[in-house]
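Chains, contacts and geometry: an overview
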Amino acid sequence: MAVNIPASFFSYLQETGIMAFRSRIAALSFAAALAFAAPASAQSDGPVRLGLIDMYGGGFAFIADTIRTGFQIAVDEANAAGGLNGRQFELVTADMGTQVDKAVTEARRMMLEQDIGFVTIGIHSGAAVAVGTLGKDLEALVIGGFATTRRLTGEAGHKFVGRANLSTIEIGRVIAEHLKTRPEIKTIATIAPDYEYGQQFVGDFLEALKEARPDIEVVRQEWPRFGANDFAPHVTALQARPVDMIVNAGFGADFINFLNAARDFGLFDDGTVLMTHALDLTKPSVVKDTLPENTVATVWYPFYAIDDEFSRAFAADVEKRMGTYATGSAPVGYVAGRMLTEAIVKAGSTDPATVAAAMGGIEFDGPTGRVKVRGCDNMALYNFYVGKVSWDDSLPDGIGLTDVQSYHTEDLARSCEDIAAARAAAN
């Protein structure tokens, strides 16, 4: 049997220090032996293994665990339906900490040592892009399981990547569309963590705002360090010139620290509206006592406002497995798992290139309604939500959204022509 070994494999061997051989012939012999040492996934009768790499420690552990829970539900459903011609799917996880290098190392181990041809990256945008590039080199299919960087399937995109979540472009367009319904908002300021996600969030939002509400004046932009403890300088800077709305991109500990400083300095006491992204990445009850009354938020999964049997069953399953109600990363993890299992079954194969080609056009019911995966970038398209924060005993932990509006990302996503142009410009 012929063995097709890409040139990039030799670079990998050199880069990791595995190749101690001096000649190209010796290197080829070693690589061929390695290829035959473990059975190829297309040849195996064992389980179809799906890799999931995320940040399972520290401040992001809850989000990562929730993504994994949603993914596992999708795997369990696929197995109950018969798997791939009787072969069961198996989820294999790895902890990357917070380091992109560790994510790449774990992905290499999965792809080369564990013969896993399908790897999903959870939260970290930089890790998603880096592992996506590795997937291109080693011909393994990489799914962005939550990362919102537009580069993953845009500028850095190729046929071996897909995404289970919307990007900062679609997030920005959703917020800008919401502002069409708020004519009283004339001035805004932004605050976002100073790294790839935050920079893309603000840039993409302001670009969308020019189209949706060109009359709005952007007064100030604040860029706290990611993971900052002291937000007092940023809060006082925002107070220097009052605005109608402050748009926040921070989440997790950043959002908690920002709200604490905002309360201490009375940032929202004059009626300034807070528009915050990703309220349900963690339990909203964590910030229940520091959110200003007029807060508006984006969320992935207001399950209490979705009147759908599938959604109710999914939310109950998440609560049973985690001991708490579902948050926004659960349905995204589920979509990632369903994208892979549906595409593998459709392809009838575990060859990553065949599965990647089969992924475009698949559809399935998800916790937020019908999910479609388009073929030009293997992006999952489904509902995303905006609503007003309310304090009510009928809501989980007494806090949630009312006046919920849904936006389907199919209506707001970058066109396939834009995706092709972004990839061409980057190459």
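This text follows the structure it describes.
Just so you know, these numbers come straight off a predicted model, no measurement behind them. (Residues numbered from 1 in each chain as written. Predicted model: local features only at pLDDT ≥ 70, side-chain atom pairs only at ≥ 80, totals over all residues. Heavy atoms only, no water.)

1. What to know about the packing of helix α6 (residues 168–179) against helix α7 (residues 196–212)
How two helices pack is summed up by the angle between their axes together with the distance between the axes. Worth spelling out the cut-off: Every axis in this analysis is a line fitted to C-alpha atoms, fitted for helices over the stretch in contact. Angles between the N-to-C directions lie between 0 and 180 degrees. Counting from the N terminus, the helices are DSSP H or I runs at least four residues long and the strands are E runs at least two residues long. Should an angle fall under 35 degrees it is called roughly parallel, over 145 degrees roughly antiparallel, and 65 to 115 degrees roughly perpendicular, with every other angle called oblique. Left-handed is the label given to a crossing in which the near helix is rotated counterclockwise from the far helix by less than a right angle, and right-handed is the label when the rotation is clockwise. Residue contacts are defined here by distance: any two heavy atoms, one from each residue, within 4.5 Å place the two residues in contact. We call Asp, Glu, Lys and Arg charged. Ala, Val, Leu, Ile, Met, Phe, Trp, Tyr, Cys and Pro are nonpolar, and the rest, Gly among them, are polar.
Two elements in contact, α6 and α7, have axes whose closest approach is 8 Å; the angle formed by their N-to-C orientations is 40 degrees. Considering the angle they form, α6 stands oblique to α7. The two elements α6 and α7 meet at a crossing, and its hand is right-handed. Contacts from Thr168, Ile169, Ile171, Gly172, Arg173, Ile175, Ala176 and Leu179 of α6 reach α7 at Tyr197, Gln200, Phe201, Asp204, Phe205, Ala208, Leu209 and Ala212. When the residues that make up the contact of α6 with α7 are grouped by side-chain class, the tally is 11 nonpolar, three polar and two charged.

2. Remarks on the pattern of salt bridges
Short version of the rule: Between Lys or Arg on one side and Asp or Glu on the other, a salt bridge is scored when a side-chain nitrogen of the former is within 4 Å of a carboxyl oxygen of the latter. Only protein chains enter the accessibility calculation, which uses a 1.4 Å probe. A residue is then buried if its area is under 20% of the maximum for its type, exposed if over 50%, and partly exposed in between.
For the coordinates displayed, the defined rule picks out 24 salt bridges. Between Glu217 and Arg241 there is a salt bridge whose closest N-O contact spans 3.4 Å. Here the residue Glu217 occupies a position in strand β7 (residues 217–222), and Arg241 occupies one in the loop between α8 (232–239) and β8 (245–248), the gap between them amounting to 24 residues. With relative accessibility at 37%, the residue Glu217 sits in the partly exposed group. Classification of Arg241 as partly exposed rests on a relative accessible area of 46%. Between Arg321 and Asp317 there is a salt bridge, with its nearest N and O atoms 2.8 Å apart. Remark: Asp317 and Arg321 occur in helix α10 (residues 309–322); sequence separation between them is four residues, near one turn of the helix.

In short, shape yes, function no, at least from these values alone.
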